[in-house]
Amino acid sequence: MVRKVAKHVARNKKKYWRQISTKDVEDGLEDIRVEEMTGGRRSEQPDHILYHIDNERPLGSTSPSAEDMEVSPVVRRSVRKQREKLDLNNLNTYKILQPHSCVPPPCVDSREPKDPSSKSSKRLVETEKTVEMRRAAKKKYQNAAKQRSEAKQKTALEKADKLELVDPHVSQVYDLWGTQNEKKQQTQSLVGPVLATYLDQVHQTYDWKVPSHIVKKPSKLPAIEKPLPGISYNPTYDDHQDLLRKAVEVELEKERKELKLQKNLPAKLTQSEAEPIKKAWLKDMASGLFDDNDVDNEPTTESTSLNSVSVGKPVTVETKTTQQRNKEKTHKKKEALAKAAKEKRIQDNELFRLKSIGKEIKSAELGYKQKGEKRKIEYANRENYGTKKFGRYKFEDADLDLNLSEEITGNLRTLKAEGNLLHDRFKSLQKRNIIETRIRAKPTKTKMKKYERRSVREVGVDYRPK
């Protein structure tokens, strides 16, 4: 029989570990678990929970023996105690369902009430409040809409009762030659004669709602503006001079705009200035057309002489001494110190003039406020009296209708008429935003289309008639 040899196992391996019994440790841990599940650990609980002190008999007194109980003439009867009332909120069936272990659960129920002072609970309360406010606002809006619809229906019914309108499709018996029509009179008294006649024409049973843009005018300018007093056929001297002055201002404004446009455009060249540019352009365009290789390749004597002689002066570098550099450094330091002192002095002066700065701010705010009010007034005037741009062209006022001093005769028979009533009305419609700004379309002359016939085009030297 072969002898078994013990296996050589390294002592730093797990296989070499000694098997030590851990039963007592596990029993102790199990006892601790049982204690925690049945009310907590015994070592940590107070005495009044672990022990019960009997205070019915005083200490040192002996309990009565059975003989004394038999000899004593007093017959003790068991007194039936009154049954306690049943507490429905504290039944044993409910107590069994409650947890009896002191070990906290592994996970906390999110539905349990949290600390009211925590951020999450405060946020939850705020969200609930906002939700309640939104619900209340929504309910209020719904109630208001419901009340409006009921009121509208009620007013419609009242108006229908007042008008006493009937179905126009059903024939009614009435006096054809009757001069008084009670229905028409009632309608006219309520809605007016124009709308009443319209209702009679279309046989409707309700009032027509007129759109707001029909009543609102596109511009507050008058349809016919008052003419200037200087336009009269026999004006006074001052009125006529005012009219001429306005006409001169209009012409000067046109000239100013024209000069501004010409100033922004590139200036035109004169004949002498344009001549060298034209020659250079001709030279560039004619380059390569002629054989100028021999002429270009021959170096001139002037160019060789210029290349051989140096034109520029020799460059000399001046070196600074140490004394000069030190003087520059001290000068720079003094300038920096003077600059810092000046900035500090300016800051101190600004600090001492706080009141004046406050006044400046107030005056600036007042100026901004006045500008804003002025801007509002300008916007209102532009909306009410301005001319809007609807098309491609900008509106331009018509020229003033005027006669010069030598053209005024003093009577209508010999006066030369200026202006045109149709043109004036057309400009007025454009200015009041009734029609878009337009210009007179120029007549275009269509060009004649020229083409050759195929038979004529085929005629040539090799043409042979068929």
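The protein chain is annotated in an unreviewed UniProt entry as Ribosome biogenesis protein NOP53 from Rotaria socialis. Quoted verbatim from the Function (unreviewed entry) field of UniProt, the annotation for the protein chain is "May play a role in ribosome biogenesis." Listed under Sequence similarities (unreviewed entry) in UniProt, the entry text for the protein chain is "Belongs to the NOP53 family."

*Asks:* Help me out: how do you make sense of the overall build of the protein chain in this one?
*Replies:* When helices and strands are counted, the protein chain shows 16 helices and zero strands. Classification of the 466 residues of the protein chain by burial places 6% in the buried group. Long-range pairs, those at least 24 residues apart, make up 57% of the contacts in the protein chain with a sequence separation of at least 6. Just so you have it, the protein chain exposes about 47,200 Å², and 55% of that area is on carbon and sulfur atoms.

*Asks:* What am I meant to see in the side chain of Thr-437 here?
*Replies:* With respect to the helices and strands, Thr-437 occurs in the loop between helix H15 (421-431) and helix H16 (454-458). Take Thr-437: its relative accessible area is 8%, and that puts it in the buried class. Ignoring any residue separated from it by four or fewer positions in sequence, one finds Thr-437 in contact with Tyr-393, Lys-394, Phe-395 and Gln-430.

*Asks:* I would appreciate a short explanation of the pattern of salt bridges in the present structure.
*Replies:* Pairs can form between side chains of opposite charge whenever their charged atoms are close. Throughout the structure, instances matching the rule amount to 13 salt bridges. Its salt-bridge partner being Lys-431, residue Glu-225 comes within 3.5 Å of it at the nearest N-O pair. Pair noted here: Glu-225 is in the loop between helix H8 (212-215) and helix H9 (237-264) and Lys-431 is in helix H15, with a separation of 206 residues, a long-range link. For Lys-431, a relative accessible area of 24% translates into the label partly exposed. Glu-253 is paired through a salt bridge with Arg-256; the nearest N and O atoms lie 2.4 Å apart. Separated by three residues within a single helix, Glu-253 and Arg-256 lie in helix H9, roughly one turn from each other. Glu-253 sits in the partly exposed class, given a relative accessible area of 34%. Through salt bridges with shared partners, a single network forms among Glu-350, Arg-353 and Glu-360.

*Asks:* Is there a simple way to explain the side chain of Asn-403 in this structure?
*Replies:* One can find Asn-403 in the loop between helix H14 (354-385) and H15. A relative accessible area of 13% places Asn-403 in the buried class.

*Asks:* Would you mind going over the environment of Gly-40 with me for this structure?
*Replies:* Here Gly-40 is to be found in the loop between helix H1 (23-37) and helix H2 (47-50). Sequence separation between Gly-40 and His-100 is 60 residues, and the spatial gap between their C-alpha atoms is 9.7 Å. Ignoring sequence-local partners within four residues, the contact set of Gly-40 consists of Glu-35, Gln-45 and Cys-102.

*Asks:* I keep staring at a nonpolar patch on the surface and nothing clicks. Help me out?
*Replies:* Taken together, Val-210, Ile-214 and Val-215 make up a surface patch of nonpolar side chains, about 310 Å² in accessible area. By the secondary structure assignment, Val-210 is in the loop between helix H7 (193-202) and H8.

*Asks:* What should I look at first to understand H9 in this one?
*Replies:* Along an α-helix, residues three or four positions apart point the same way, because every turn accommodates 3.6 residues. Taking 1.5 Å of rise per residue, 28 residues should cover 40 Å, and H9 covers 41 Å from first to last C-alpha, within 8% of that figure. Of the residues making up H9, those classed as buried are His-240, Leu-243, Leu-244 and Ala-247.

*Asks:* Quick question: what am I supposed to make of unusual backbone geometry here?
*Replies:* Glycine aside, a negative phi is what most residues show, and trans is what most peptide bonds show. Phi angles above zero are rare outside glycine, and Asn-433 is one such case at about 65 degrees. Among the secondary structure elements, Asn-433 is positioned in the loop between H15 and H16. Residue classification places Asn-433 among the buried residues on the basis of a relative accessible area of 9%.

*Asks:* How do you make sense of a negative patch on the surface when you look at a structure like this?
*Replies:* Taken together, Asp-24, Glu-26, Asp-27 and Asp-31 make up a surface patch of like negative charges. Within the secondary structure layout, Asp-27 lies in helix H1.

Quick notes on the rules
Residues numbered from 1 in each chain as written. Predicted model: local features only at pLDDT ≥ 70, side-chain atom pairs only at ≥ 80, totals over all residues. Heavy atoms only, no water. UniProt positions renumbered as here; feature names shortened; annotations may be inferred. Helix = DSSP H or I, 4+ residues; strand = E, 2+ residues; numbered from the N terminus. Buried < 20%, exposed > 50% of the residue type's maximum accessible area, 1.4 Å probe, protein only. Contact = heavy atoms within 4.5 Å. Areas by Shrake-Rupley, 256 points an atom, 1.4 Å probe, with all protein chains shown as cover. Salt bridge = Lys/Arg side-chain N within 4 Å of Asp/Glu carboxyl O. Patch = residues over 30% accessible without salt bridge, like charges linked within 9 Å, V, L, I, M, F, W, Y side chains within 5 Å. Expected span 1.5 Å × (residues − 1). Lys, Arg positive; Asp, Glu negative; His and termini not counted. Charge placed at Lys NZ, Arg CZ, Asp CG, Glu CD.

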